[in-house]
Amino acid sequence: MDLNLFVWRQKRPDEKGAMERYEAEDISPDMSFLEMLDVVNEELIKRGMEPIAFDHDCREGICGMCSQVINGIPHGPREKTTACQLHMRNFKDGDTIYIEPFRAKAFPVIKDLIIDRSALDRIIQAGGYISAHTGGVPDANTILIPKEDADTAMDAAECIGCGACVAACPNGSAMLFTAAKVSHLAVLPQGKIEAARRVCVMTEAMLKEGFGNCGNHYECQAACPKGIKVKFIAKLNREYIKAQIGIK
Amino acid sequence: MRFFQNTVGRKIIVAATGQIMVVFVVLHLLGNPLNPYPVKLPDIGSLKQLLRVLLLLSFIFHAFLGVQVAIENRAAKPQTYVVRKKFHTNFAAENMLWTGILAAAFIIYHLLGASMPGAGSGYIGTVIYLVGLTALFLHLYHGIASFFQTVGCNNERTLPVIERIGKGMAVIMLVGYAYMMLLNWP
Ligand code: SF4
Ligand code: FES
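Residues numbered from 1 in each chain as written. Chains lettered and ligands numbered in written order. Predicted model: local features only at pLDDT ≥ 70, side-chain atom pairs only at ≥ 80, totals over all residues. Heavy atoms only, no water.

Taken together, the contact between chain B and chain A spans 41 residues of the former and 49 residues of the latter. Both sides together, the interface formed by chain B and chain A hides about 3,700 Å², and carbon and sulfur atoms give 54% of it. For the pair chain B and chain A, the interface holds 3 salt bridges. Taking the shortest distance from any N to any O, the salt bridge between A:Glu204 and B:Arg2 comes out at 2.9 Å. (Contact = heavy atoms within 4.5 Å. Buried area = accessible area lost by both parts, 1.4 Å probe. Salt bridge = Lys/Arg side-chain N within 4 Å of Asp/Glu carboxyl O.)

Below is the structure:
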């Protein structure tokens, strides 16, 4: 199939970018969205033009690198699917597709569709860890965890740190990401020790990095490729209140 | 002091002060002298002064922190998209700053107008009241349910129910006040 692309092109972080039009020809519906861009780039290189710069790594939906806003939706139109796992059969021959980088003050554009997402890493560095004794590997099942808690923790731990929640948020807030990390650790006994400090320093780091405040728009939940729910933001808020009044 | 600078801390204050004012908006409708079916509110005597102070403080904190948060949020999203698709958010949620400013201006006008004869009954007064009520309605349309999420009283099951109740409450307030205004039509 043939497609009409409008892609954000920006040479440098300090340059003003613009949307540019490209044609993607002979695209197979079995290609992934990134493979489609590979084809377009090969054509551009053949013609001596600068290929479109975009981020990717695993191409199997687990690393969270493929940050693109496709037709106004981070990671594109398919629910709970990263851009790399989005297949071209989700589009029709002759479609016009707009491709833009994730937008937020905390995610400066480096080039074209590539953004700097290290602000999320610094939120993790602030408190997204647990303290553990070094030494031998502990025996399995020495710490018993109720099935329900394990499930909740796993649901939250599904977050791959892609930043689509920030991209979708009208306030550029990283609350869903932060909430997923805080909740994931707060429900497990290993994470309880630092739970109070963690929720405070991670939310402080979020604001310091230039992310906005959560306005309960819930756009993040719709965009999240891993189906992280805003119930975890309510959980983060509870954890914060608990920390303030000193409940362990 | 860290509480007042924290993103969640401030939102909790904004949510709580907002909800205090919502309670007043409801009571004000029920016990309103224009209400054809008035509900007799208990006489609380000198407690009234205390509640006035509480409301005034709520108004000040809500407005100050609300505006501060809104300014930060705009700065955090300096550029939007050429094409953007929305899923859950709506006009009311996206315009909390503006509906808040309008509602605040309306409330101040209303308080001054309490001793100003004819306010709300003249042609211009009616328009101001309608605009003010609409702004307040939009503000509550997002705000009432938002409170529960912010203070952590929410989960996957309760969220849609709380949203529907919050929106319903906002509609009831709009219809209730507008109805009384019509009754008072000159
Ligand atoms: S919460 Fe979802 S959208 Fe946000 S970073 Fe994690 S996986 Fe990505
Ligand atoms: S490239 Fe790893 S999630 Fe898409």
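So that's the structure; there's more coming.
Let us now look at the site of ligand 1. All names here are of chain A. Taken together, 13 residues lie near ligand 1, and Cys159, Cys162, Gly163, Cys165 and Cys224 sit nearest. Among the secondary structure elements, those contributing two or more residues to the shell around ligand 1 are helix 4 (164–168) and helix 5 (175–186). When its residues are assigned to classes, the shell around ligand 1 shows 10 nonpolar, 2 polar and 1 charged. (Near = heavy atom within 4 Å. Helix = DSSP H or I, 4+ residues; strand = E, 2+ residues; numbered from the N terminus. Nonpolar A, V, L, I, M, F, W, Y, C, P; charged D, E, K, R; others polar.)

Below, the discussion takes up the domain arrangement of chain A. Residue and element names in this part refer to chain A. Taken domain by domain, chain A holds domain 1 (3–111) and domain 2 (118–245). For domain 1 and domain 2, the distance between their C-alpha centres works out to 29 Å. On the side of domain 2, 18 residues touch domain 1, which itself brings 16 residues to the contact. Taking both sides of the interface into account, the surface hidden between domain 1 and domain 2 amounts to around 1,200 Å²; carbon and sulfur atoms contribute 67%. If you sort the residues of domain 1 by the area they bury against domain 2, Lys80, Ala106 and Phe107 come out on top, with a joint share of 36%. The interface formed by domain 1 and domain 2 contains 1 residue pair in polar contact (both at pLDDT 80 or more). In terms of residue class, the side of domain 1 that touches domain 2 is built from 8 nonpolar, 5 polar and 3 charged. (Domains from an automatic or database assignment. Polar contact = N/O pair within 3.5 Å; in protein donor to acceptor, adjacent residues only side chain to side chain.)

Residues and elements named next belong to chain B. In this fold, Val39 is placed in the loop between helix 2 (7–30) and helix 3 (47–76). Taking the C-alpha atoms as reference, Val39 lies 8.9 Å from Leu27; in sequence the two are 12 residues apart. For Val39, the contacting residues outside a window of four places in its chain are Leu30 and Gly31.

Attention now moves to the nonpolar core. A:Phe107, A:Ile123, A:Leu176, A:Phe211 and A:Ile233 are the most contacted members of the largest nonpolar core, which has 47 residues in total. The element contributing the most residues to this core is helix 5 of chain A, with 6 residues. Looking at which domains feed residues into this core, each of domain 1 (3–111) and domain 2 (118–245) of chain A supplies at least three. In contact with A:Phe211, other than residues within four places in its own chain, are A:Ala106, A:Phe107, A:Ala119, A:Leu120, A:Ile123, A:Val166, A:Gly172, A:Ser173, A:Ala174, A:Met206 and B:Ala76. If you look at the next biggest cluster of nonpolar residues, it comprises 26 residues, including A:Leu34, A:Leu37, A:Ile97 and A:Ile99. (Core = buried A, V, L, I, M, F, W, Y, C linked by side-chain atoms within 4.5 Å. Buried < 20%, exposed > 50% of the residue type's maximum accessible area, 1.4 Å probe, protein only.)

It is worth spelling out the packing of aromatic side chains at this point. Residues and elements named next belong to chain B. Tallying each qualifying case throughout the model produces 10 aromatic pairs over all chains. Residues Phe4 and Phe61 carry aromatic rings whose centres are separated by 6.2 Å and whose planes lie at 45° to one another, so their mutual orientation is tilted. In this pair, Phe4 sits in helix 1 (residues 2–5) while Phe61 sits in helix 3, placing the two residues 57 residues apart along the sequence. Under the relative-accessibility criterion, Phe4 is labelled partly exposed at 33%. Note on Tyr109 and Tyr129: the rings are 6.1 Å apart at their centroids and 70° apart in plane angle, and the pair reads as edge-to-face. Note that Tyr109 is positioned in helix 5 (residues 96–113) and Tyr129 in helix 6 (residues 123–150), a separation of 20 residues in sequence. On the accessibility criterion, Tyr109 (24% relative accessible area) is partly exposed. Classification of Tyr129 as buried rests on a relative accessible area of 12%. (Phe/Tyr/Trp six-rings, centres within 6.5 Å; stacked < 30°, edge-to-face > 60°.)

In the structure shown here, the tally under the stated rule is 6 cavities of 30 Å³ or more. Its boundaries defined by the atoms lining it, the largest cavity holds a volume of some 130 Å³. Lining the largest cavity are 13 residues, and of these A:Asn216, B:Asn90, B:His142, B:Glu163 and B:Lys167 sit closest to its centre. Only helix 6 and helix 7 (158–183) of chain B provide two or more residues apiece to the lining of the largest cavity. In terms of residue class, the lining of the largest cavity is built from 4 nonpolar, 7 polar and 2 charged. (1 Å grid on protein atoms, 1.4 Å probe; cavity = no way out; pocket = protein on both sides within 12 Å on 5 of 7 lines; lining within 4 Å. Points joined across faces, edges and corners; volume = space filled by probe spheres on them.)

Now for the sheet that holds strand 1 (residues 3–9) of chain A. Residue and element names in this part refer to chain A. Ordered in space as 2-1-5-3-4, the 5 strands form an open sheet in which the pairing is mixed. The open sheet has two free edges, formed respectively by strand 2 (18–24) and strand 4 (73–74), since each of these has just one partner strand. For strand 3 (residues 69–70) and strand 5 (residues 96–100), the ladder comprises 2 bridges, and the chain directions are antiparallel. Each bridged residue has a counterpart across the sheet, and for Ile70 the counterpart in strand 5 is Ile99. Contacting strand 1, strand 2, strand 3 and strand 5, helix 1 (residues 33–46) runs over the sheet at an angle of about 80° to strand 1. (Pairing = 2+ DSSP bridges. Axes fitted to C-alpha atoms, helices over the stretch in contact; angles between N-to-C directions.)

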